[in-house]
Amino acid sequence: MINKLNDNELRLLLKNINVMVMIGVSASPLRASFFVARYFVLRGISIIPINPNYEGQYLWGEKVLGKISDIDPDKRVDLIDIFRPSKEVPQIVDDTIKYLKPLGCKTVWMQIGIRNKQAALRAKKNGLNVIMDKCPKIENQRLFGELRVAGFNTNIISSKIEL
């Protein structure tokens, strides 16, 4: 059951994120990973940026790490958002199971265009939620009313905006 969370489950998942690891995040404001991370930071979610090309630099007040194993073992993590090619996902999932699941990570999220069914099945077997080929920023905006404000049809009928 990959990507089988219904809107209520997805809304609950997104509502309860406090710390998100973003692997493959860019320091360039022209890149999707930058503005996805910035979107969540502006909503009070702590981002742990991982990108060996920016290791040691700071983004949104957080030191950029080179790899998942560099995350402080005392840190709590809720979700990993993957901005890397599909062929790299198996190793990222293995590292998530080894290093992030013990820190509380419950969800592996592969961004739009990123799919790896074998890695997704391994993550599911290890008790993780898996979402492929979707963007948490877009889903958050869709489920919490922000896309409606911009005039998009979200197929969600509501008399109020949930925050």
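Residues numbered from 1 in each chain as written. Predicted model: local features only at pLDDT ≥ 70, side-chain atom pairs only at ≥ 80, totals over all residues. Heavy atoms only, no water.

1. Regarding the layout of surface pockets
For the largest pocket, the calculated volume is near 360 Å³. Around the largest pocket sit 21 residues that line it, and I23, G24, N51, F83 and R84 are the ones nearest its centre. Every element with two or more residues in the lining of the largest pocket is listed here: α2 (32–41) and α3 (89–100). No other element matches the 3 residues that α3 contributes to the lining of the largest pocket. In the lining of the largest pocket, the residues fall into 9 nonpolar, 8 polar and 4 charged. (1 Å grid on protein atoms, 1.4 Å probe; cavity = no way out; pocket = protein on both sides within 12 Å on 5 of 7 lines; lining within 4 Å. Points joined across faces, edges and corners; volume = space filled by probe spheres on them. Helix = DSSP H or I, 4+ residues; strand = E, 2+ residues; numbered from the N terminus. Nonpolar A, V, L, I, M, F, W, Y, C, P; charged D, E, K, R; others polar.)

2. Overview of the sheet that holds strand β1 (residues 19–23)
One open sheet holds the 5 strands; their spatial order is β2-β1-β5-β6-β7, and the pairing between them is parallel. Each of the sheet's edge strands pairs with one partner strand only, and the pair in question is β2 (46–50) and β7 (129–131). Here the average twist between neighbouring strands, direction ignored, is 20°. Where strand β6 (residues 107–110) meets β7, 3 bridges bridge the pair, whose relative direction is parallel. When the sheet's bridge partners are listed, T107 is paired in β7 with N129. (Pairing = 2+ DSSP bridges. Axes fitted to C-alpha atoms, helices over the stretch in contact; angles between N-to-C directions.)

3. A look at the packing of aromatic side chains
Taken as a whole and assessed by the stated rule, the structure comprises 2 aromatic pairs. Their ring planes at 85° and their centres at 5.0 Å tell us that Y39 and F40 sit as a pair that is edge-to-face. Residues Y39 and F40 agree in their burial class; the two are buried. Lying across the ring of Y39, K137 places its NZ or CZ 5.4 Å from the centre. (Phe/Tyr/Trp six-rings, centres within 6.5 Å; stacked < 30°, edge-to-face > 60°. Buried < 20%, exposed > 50% of the residue type's maximum accessible area, 1.4 Å probe, protein only. Lys NZ or Arg CZ within 6 Å of the ring centre and 35° of its normal.)

4. Topic: unusual backbone geometry
Excluding glycine, residues mostly have negative phi values, and the peptide bonds linking residues are mostly trans. Despite not being glycine, W60 shows a phi value in the positive range, around 55°. Within the element layout of this structure, W60 appears in the loop between β3 (58–59) and β4 (62–63). W60 gets classed as partly exposed once you look at its relative accessible area, which sits at 24%. Its identity is not glycine, yet D133 carries a phi of approximately 60°, on the positive side. Tracing the sequence through the fold places D133 in the loop between β7 and α5 (136–143).

Treat this as a map of the structure, not an account of what it does.
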